[in-house]
Amino acid sequence: MSNLFLKNITKEFVDDNGEKIIALNKVSLTVNSGELIAIVGPSGSGKSTFLSIAGALLQPTTGQIKINETDISRFNEQELSRLRLQEIGFILQSSNLVPYLNVLEQLLLVKQLQGKVTAADKQQAQELLTELGLADKLKNFPSDLSGGQKQRVAIGRALMNDPSVILADEPTASLDTKKAHEVVQLLVNETKKTSKGRDYGHS
Ligand SMILES: Nc1ncnc2c1ncn2[C@@H]1O[C@H](COP(=O)(O)OP(=O)(O)OP(=O)(O)O)[C@@H](O)[C@H]1O
Ligand SMILES: [Mg+2]
């Protein structure tokens, strides 16, 4: 089964001078369960645009997107937002942690947005964070964490809702070689463990 199916995706922007920019020109990609894919290309080649479209954050100008065999092209904002919450895990370049939530709360926020936080959710979050080597940082705030630790929290958060697809936009960009290697290894392990489709943008 393909978790993610994109066909002939085109995205056009209009810049400040009114000039048309073709950021994506008929790009197609299928990601099957358990696959890990890196998208490589120079700056400005459209990687972030592509990931945003794959993650239903941005509408393509033309093209078809299916997530878990469901065509999302005609989804309204509410349906898209539910899909993002339930099926997609995002890891952004800057981690995007909430400054006033501690590490444990960053992960529980996902559950809070879906409804209620249960004891089982707390346990799941603690287990994930332990696996990510953050067991002693549960009560720390993002300002107390290193770049690599923040990135691992962001990975934990992306895994909290057991998403069908994980999209990571340059998850190792702010890390040194050793930490970058650790983060990639973590993502590889998670992909193998859950056998779900994983998709990573990288430059
Ligand atoms: N909202 C926007 N409005 C206008 N142009 C945009 C917009 N977003 C992206 N672009 C343009 O689309 C092209 C692709 O941008 P994108 O951010 O996808 O590249 P990228 O491959 O992620 O680059 P980088 O490696 O620097 O992150 C660029 O020419 C960019 O200027
Ligand atoms: Mg980018």
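Here, every reference points to the structure presented above.
In this convention, every chain numbers its residues from 1, walking through the sequence in written order. Here the convention is simple: chains get letters from A, ligands get numbers from 1, in the order in which they are written. Only residues with pLDDT of at least 70 are given local features in this predicted model, and only at 80 or more are side-chain atom pairs given and counted; all residues enter the totals for whole chains, interfaces and linings. In computing side-chain values, all of the structure's heavy atoms are included and hydrogens and water are not.

Remarks on the overall build of the chain
Which entries qualify depends on this criterion: Where helices and strands are cited, they refer to DSSP runs of H or I of at least four residues and of E of at least two residues respectively, numbered from the N terminus. Within these notes, the globule rule equals 2.2 Å times the number of residues to the 0.38 power, and the radius of gyration is based on C-alpha atoms. Only protein chains enter the accessibility calculation, which uses a 1.4 Å probe; a residue is then buried when its area is under 20% of its type maximum, exposed when over 50%, and partly exposed in between. The contact criterion used is simple: two residues touch if any of their non-hydrogen atoms lie within 4.5 Å. We get accessible surface area from the Shrake-Rupley algorithm with a probe of 1.4 Å; when it comes to residues, only the shown protein chains can shield them.
Scanning the chain from terminus to terminus reveals six helices and eight strands. Listing every helix and strand of the chain by position from the N terminus yields β-β-β-α-β-β-α-β-α-α-α-β-α-β. Taking 17 Å as the expected radius of gyration for a compact globule of 203 residues, we find that the chain reaches 17 Å, a close match to that expectation. Each principal axis of the C-alpha atoms in the chain carries an extent, and together these give about 50 × 35 × 35 Å. Across the 203 residues that make up the chain, the buried fraction comes to 44%. Restricting to contacts in the chain with at least 6 residues of sequence separation, those with at least 24 account for 70%. Carbon and sulfur atoms make up 50% of the accessible area of the chain, which totals about 10500 Å².

Quick look at the packing of helix 3 (residues 103-114) against helix 4 (residues 119-131)
Stated precisely, the cut-off is as follows: A fitted line through C-alpha atoms serves as each axis, taken over the contacting stretch for helices, and the angle formed by two N-to-C directions is quoted from 0 to 180°. Angles below 35 degrees are treated as roughly parallel, those above 145 as roughly antiparallel, those between 65 and 115 as roughly perpendicular, and all remaining angles as oblique. In this scheme the handedness of a crossing depends on how the near helix is turned from the far one: anticlockwise by less than a right angle means left-handed, clockwise means right-handed. Note on residue categories: nonpolar means Ala, Val, Leu, Ile, Met, Phe, Trp, Tyr, Cys or Pro, charged means Asp, Glu, Lys or Arg, and polar means any other residue, Gly included.
Contact geometry of helix 3 with helix 4 gives a least axis separation of 10 Å together with a crossing angle of 130°. Taken as axis vectors, helix 3 and helix 4 run oblique relative to one another. The way helix 3 lies across helix 4 gives a crossing that is right-handed. Of the residues in helix 4, those in contact with Val-103, Leu-104, Leu-107, Leu-108 and Lys-111 of helix 3 are Asp-121, Lys-122, Gln-124, Ala-125, Gln-126, Leu-128 and Leu-129. Here the contact of helix 3 with helix 4 is composed, by residue class, of seven nonpolar, two polar and three charged.

Section: the site of ligand 1
Just so we agree on the cut-off: When at least one non-hydrogen atom of a residue lies within 4 Å of a molecule or strand, that residue is treated as near it. For the purposes of these results, a polar contact is taken to be a pair of N or O atoms within 3.5 Å, where, inside protein, one atom must be able to donate a hydrogen and its partner to accept one; residues adjacent in sequence count only when each atom of the pair is a side-chain atom.
Taken together, the neighbourhood of ligand 1 is formed by Phe-13, Ala-23, Pro-42, Ser-43, Gly-44, Ser-45, Gly-46, Lys-47, Ser-48, Thr-49 and Glu-170. Between an oxygen atom of ligand 1 and a side-chain N or O atom of Lys-47, the distance comes to 2.7 Å. Between an oxygen atom of ligand 1 and a side-chain N or O atom of Thr-49, the distance comes to 2.5 Å. Considered on its own, ligand 1 offers 640 Å² of accessible surface; in the complex 61% of this is hidden by protein. With three residues, helix 1 (residues 47-54) is the largest single contributor of residues to the shell around ligand 1. Residues of the shell around ligand 1, tallied by class, amount to three nonpolar, six polar and two charged.

Focus on helix 4
Threshold: Under the convention used throughout, the expected extent of a helix is 1.5 Å for every residue step, that is, one less than its residue count. Directions drawn from the helix axis to the C-beta atoms are what define this arc.
Helix length check: helix 4 (13 residues) gives 18 Å between terminal C-alpha atoms against 18 Å at 1.5 Å per residue, within 8%. Within the span of helix 4, buried status applies to Asp-121, Ala-125, Leu-128 and Leu-129. End-on view of helix 4: buried residues confined to an arc of 95°, all on one side of the axis. More than 90 degrees from the buried face of helix 4, the exposed residues found are Ala-119 and Ala-120. Buried residues along helix 4 sit against helix 3 and helix 5 (147-159). Of the residues flanking the end of helix 4, it is Gly-133, one or two places downstream, whose phi is positive at about 75°.

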